[in-house]
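Working through the structure, step by step
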Amino acid sequence: MTEVFDAAANLAAVDARIQSARAGSARPERKVTLVAVSKTHGADKVEALLRAGQTVFGENRVQEAQAKFPALKTAWPQLELHLIGPLQTNKVKEAVALFDVIQSVDRPKLARALAEEMRKQNRILPCFVQVNTGEEAQKAGIAPQDTDAFVAECRTLGLNVVGLMCIPPAEDEPSPHFALLAKIAARNGLTQLSMGMSGDFETAIRLGATHVRVGTALFGARDYSG
Ligand SMILES: *Cc1c(COP(=O)(O)O)cnc(C)c1O
C-alpha cells in the first residue's frame, strides 16, 4: 500500500503549529522561516510542497541535492536551498554553486575554503556557524566556548555570518541547548537562530528560533532502506 502524501495538508498543519508557538513566544513579531528538510525524499514530493507554497528547502548531502535540485531551481526560481549537513572541503565548489545558504560552517579549514570559493564564484552566501552545544565527540560543530573566536575568524575571512545553528543530543531535553545557542548568538551580535526539528520546533520557537528545520512532520518518515 502506498502512503498518501498530502503536501498542502502537512504544510498547513506545520504552519499552524509554528504560528501558535510564535504567538506564545517572547517576540511574537519575529519571523520564523520553515526550512523543509527533503533529504531521502524525491523531487516529486519537493515539487508538491512548492505548489503548496513552500519555497525554502534543506538538504544535508551535496551529492543528493545535486541530483534533485538543479532542475527544480530552474523551474522554481524563488526556491531557496539550505545546506544543513557536514561539508567536505572537496565539495565546497559544488556546494557554493548550488546552495543559497550554508548552515553548517563548523571548522576553520571549511571556513577558509568557503570564503575563498565564494569570492571566486562571486556568491557571498549567508552562513550559519554550527555549534556543538552538547559537546558530543561524534557530532560536528564548534564547541560553545570556542564559538566567539570562531565567529570572529569567519568574519575576518569575509564570510557573511548571519546566525548560529545547533542539533541538540537526541537523548537530551532540548531547551537548555536552544537557550545556550540564543545566548551565544546575542553576545556575538547574531540575530538568526536555526534550531528545532520535527520533535521540538515549538520549543525552539519559544526560545527564539528564526529558522526551524522540519523533515518528518512535512514529508512523513524517511526510508533509508532503498
Ligand atoms: C534530518 C535533519 C532535520 C530534520 O529532522 P526531522 O526530525 O525529520 O524533522 C533537521 N536538521 C538536520 C541537520 C537534519 O539532518
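Just above sits the structure.
Residues numbered from 1 in each chain as written. Predicted model: local features only at pLDDT ≥ 70, side-chain atom pairs only at ≥ 80, totals over all residues. Heavy atoms only, no water.

Below, the discussion takes up the overall build of the protein chain. When its secondary structure is counted, the protein chain shows 9 helices and 8 strands. Since a compact globule built from 226 residues should have a radius of gyration of about 17 Å, the 17 Å found for the protein chain is in line with a globular shape. Summarising its shape, the C-alpha atoms of the protein chain cover approximately 50 × 40 × 35 Å along the three principal directions. Split by element, the accessible area of the protein chain, about 10,500 Å² in all, is 51% carbon and sulfur. Within the protein chain, one finds 26 positive and 25 negative side-chain charges whose respective centroids are separated by 4 Å. (Helix = DSSP H or I, 4+ residues; strand = E, 2+ residues; numbered from the N terminus. Rg over C-alpha atoms; globule rule 2.2 N^0.38 Å. Areas by Shrake-Rupley, 256 points an atom, 1.4 Å probe, with all protein chains shown as cover. Lys, Arg positive; Asp, Glu negative; His and termini not counted. Charge placed at Lys NZ, Arg CZ, Asp CG, Glu CD.)

This part covers the packing of aromatic side chains. Inspection of the entire model under this criterion finds 2 aromatic pairs. Here F5 and F219 contribute two aromatic rings whose centre-to-centre distance is 6.1 Å and whose plane-to-plane angle is 5°, an arrangement assigned as stacked. Note that F5 is positioned in the segment before α1 (7-23) and F219 in helix α9 (residues 216-219), a separation of 214 residues in sequence. Overall, F219 belongs to the buried group, its relative accessible area being 1%. When the centroid spacing of 6.2 Å and the interplanar angle of 50° are considered together, the rings of F57 and F69 count as tilted. Of this pair, F57 sits in strand β2 (residues 56-59) while F69 sits in helix α3 (residues 62-75); the two residues are 12 residues apart in sequence, bridging distant segments of the chain. With relative accessibility at 0%, the residue F57 sits in the buried group. Residue class for F69 comes out buried when judged on its relative accessible area of 0%. K45 extends its terminal NZ or CZ atom over the ring of F5, reaching a point 4.8 Å from the ring centre. (Phe/Tyr/Trp six-rings, centres within 6.5 Å; stacked < 30°, edge-to-face > 60°. Buried < 20%, exposed > 50% of the residue type's maximum accessible area, 1.4 Å probe, protein only. Lys NZ or Arg CZ within 6 Å of the ring centre and 35° of its normal.)

Turning to the site of the ligand, a few remarks are in order. With respect to spatial proximity, the complete set of residues near the ligand consists of V37, K39, I84, I167, M197, S198, R213, V214, G215, T216 and R222. In the model, an oxygen atom of the ligand is placed 2.5 Å from a nitrogen or oxygen of the S198 side chain. At a separation of 2.5 Å, an oxygen atom of the ligand approaches a polar side-chain atom of T216. A total of 390 Å² of accessible area belongs to the ligand in isolation, and the protein chains cover 90% of it. (Near = heavy atom within 4 Å. Polar contact = N/O pair within 3.5 Å; in protein donor to acceptor, adjacent residues only side chain to side chain.)

Take the nonpolar core next. Core analysis: the biggest nonpolar cluster contains 61 residues, and F57, L114, L159 and L164 have the highest contact counts within it. Excluding its chain neighbours within four sequence positions, the residues that come into contact with L114 are L87, V92, V96, I102, V105 and L159. Among the nonpolar cores identified, the runner-up in size contains 6 residues, and I84, V101, V162 and M165 belong to it. (Core = buried A, V, L, I, M, F, W, Y, C linked by side-chain atoms within 4.5 Å. Contact = heavy atoms within 4.5 Å.)

Look at T40: it is not a glycine, yet its phi comes out positive at around 75°. As for its position among the elements, T40 is in the loop between β1 (33-37) and α2 (43-51). At E135, a residue that is not glycine, the phi angle is positive and equals roughly 45°. By the secondary structure assignment, E135 is in the loop between β5 (126-130) and α6 (147-157).

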